[in-house]
Each structure stands twice: as C-alpha cells, then as structure tokens.
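Each chain, written out:
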Amino acid sequence: MTRRTMPAFEEQLESIADGLAEQQYAVTDHFLSDELTFQLLNRLQQIREEGELKKAGIGKHQQFQVDNTIRGDYIKWIDPGTAKQITQHFLEKMQAIKDYLNQTCFLGLKDYESHFAVYPPGTFYKRHADRFQQNPHRIISCVFYLNPGWTAQDGGILRLYLDEGQTKDIVPIAGRLACFRSEIEHEVLPAHKTRYSITGWMLDQIGSLTFL
Ligand code: OGA
Ligand code: MN
C-alpha cells in the first residue's frame, strides 16, 4: 500500500519559485492540510453570514465602481492586525513564500495583501490583469482555494492566458494555491456553485490598502 505524504513546505516553496521563473505560474496542491483549509472555509462562511462581505469593484479610490458585467464576486479585505488565528496562520505561510521568492528570485517583494472572495452561482471575473497602470505594484498574484469536492463541471475555472496563445486552466479545488505573475491576463469562468477563495498580491511597496 502506498501512503501519500504531504510534500514538505520547503519543497513547495522551491516548486513555486521554479514555476514562476520558468513558466510564469505555479500550482501547489495541499498547500494547507485539509483540516486547516476547512477551518478557513468555515471562517469565510462565518464572515459571509455576518454580512461582512462587500460587492467587489474595479478601479481604485475615485475610479472605484461596481460592474457585474466584469466581476460578480463579493470580498472582504484581510486586516492582519485583527485577523483570526486561522487567517493569521495562512498569512504567515504567504509571508514565507514572499521571503523565499525574495531570497531566490530577487523580486524585491515588500508586502502581501489579500481578501476573502465569494463567487455566487452564475458569477465570473472577465479577462483582466492584476497589474496595470493605476496599480503597478502588484508583482505576484496568489489565489488559495477552499472548495472541497470541486470539479471542472462546477465551473469557476481560473484560466491563465500565457505566451503564444497558450492557456492554462486551474480548477479551484480546496487546498490548491495558484501563483502567477500579476501582469498575466486571466479570467474566472462562471461558477455554477458558490466558489470560495482567498486572493492576494505580493507587492513591491508596503501596502496599498488605505481604506481598511
Ligand atoms: C482576482 C482574480 C482569480 C481567482 O481576484 O483578481 O483574478 O481564481 N481571481 O479567483
Ligand atoms: Mn485577477
């Protein structure tokens, strides 16, 4: 009988750095244990039940607007100062990735900021890049998925648009972390079930959230 062992965190860090360097993205399964991933899902469901999610918009500050034809998700920004223990644990792991990428890839990453996200059935996020003129400080995008038993038939696929017309589809299954360079265009295809995740960015400056 073969027993599946969880890859050591060190190995995960190495494969994230290699993936980002060689193909501009990296997909890591079992980034957190099933138990911890489930705790994060519960935390997000609690946030939702408490009415703390807000309709996500596009553009920052005065340019901010809600547009359901572009994105239909609901979010809550994570404030590291007040986050619950399970969220703190997740943040620590993301900081470790940031530090590792700085040591190995010299990306000059200074901060990590993130939000919980919920896509109700029928919602999507049209093709876009996370790094753009008004927001040039996002260097690496990371999405951690919280959906047990999710399959491609449930929709909500993250599609990356890579060089030379190639695409990479990523199913948002619980425990999976998708990292990619923030200038890569990507989209979230319509979800057929409620889709839960934590999306974050590694920045080349300290913070951009002035509205927490
Ligand atoms: C985003 C985004 C991808 C995903 O929030 O900017 O592209 O898979 N999310 O949730
Ligand atoms: Mn995006």
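For the structure, see preceding data.
Bear in mind the structure is a predicted one, so any value in this text is a computation, not a measurement. (Residues numbered from 1 in each chain as written. Chains lettered and ligands numbered in written order. Predicted model: local features only at pLDDT ≥ 70, side-chain atom pairs only at ≥ 80, totals over all residues. Heavy atoms only, no water.)

Visitor: Teacher, can you tell me more about the sheet that holds strand β3 (residues 74-77) here?
Guide: Strand pairing in a sheet relies on backbone hydrogen bonds. The paired strands run either parallel or antiparallel. Reading across from one edge, β1-β9-β6-β11-β4-β3-β2 is the order of the seven strands in this open sheet, with antiparallel pairing throughout. For this open sheet the edge positions go to β1 (25-28) and β2 (54-55), each flanked by a neighbour on one side alone. Pairing of β2 with β3, which is carried by two bridges, proceeds in the antiparallel orientation. Bridge pairing links K55 to Y74 in β3. Packed on one face of the sheet, helix α1 (residues 9-23) meets β1, β6 (138-145) and β9 (177-181) and runs near 150° to β1. (Pairing = 2+ DSSP bridges. Helix = DSSP H or I, 4+ residues; strand = E, 2+ residues; numbered from the N terminus. Contact = heavy atoms within 4.5 Å. Axes fitted to C-alpha atoms, helices over the stretch in contact; angles between N-to-C directions.)

Visitor: Explain the packing of aromatic side chains to me, please; I cannot follow it from the model alone.
Guide: Two aromatic rings, taken as a pair, are described by how far apart their centres are and by the angle between their planes. A complete count under the given rule lists four aromatic pairs for this structure. On the numbers, 6.0 Å between centres and 40° between planes, the contact of W77 with W201 is tilted. Taken together, the residues W77 in strand β3 and W201 in strand β11 (residues 195-203) connect sequence positions 124 residues apart. Note on W77: relative accessible area 18%, which makes it buried. Of note, K93 hangs over the ring of F31, and the distance from its end group to the ring centre comes to 5.0 Å. (Phe/Tyr/Trp six-rings, centres within 6.5 Å; stacked < 30°, edge-to-face > 60°. Buried < 20%, exposed > 50% of the residue type's maximum accessible area, 1.4 Å probe, protein only. Lys NZ or Arg CZ within 6 Å of the ring centre and 35° of its normal.)

Visitor: Just checking my understanding: could you explain the packing of helix α2 (residues 34-49) against helix α3 (residues 85-105) for this structure?
Guide: How two helices pack is summed up by the angle between their axes together with the distance between the axes. Axis separation between α2 and α3 bottoms out at 9 Å; the angle between their running directions is 120°. With respect to α3, the element α2 is oriented oblique. By crossing handedness, the relation of α2 to α3 is classed as left-handed. Residues L36, Q39, L40 and R43 of α2 form the contact with α3, whose participating residues are I86, T87, H89 and F90. Class assignment for the residues of the contact of α2 with α3 results in four nonpolar, three polar and one charged. (Parallel < 35°, antiparallel > 145°, perpendicular 65-115°, else oblique. Left-handed = near helix turned anticlockwise from the far one by under 90°. Nonpolar A, V, L, I, M, F, W, Y, C, P; charged D, E, K, R; others polar.)

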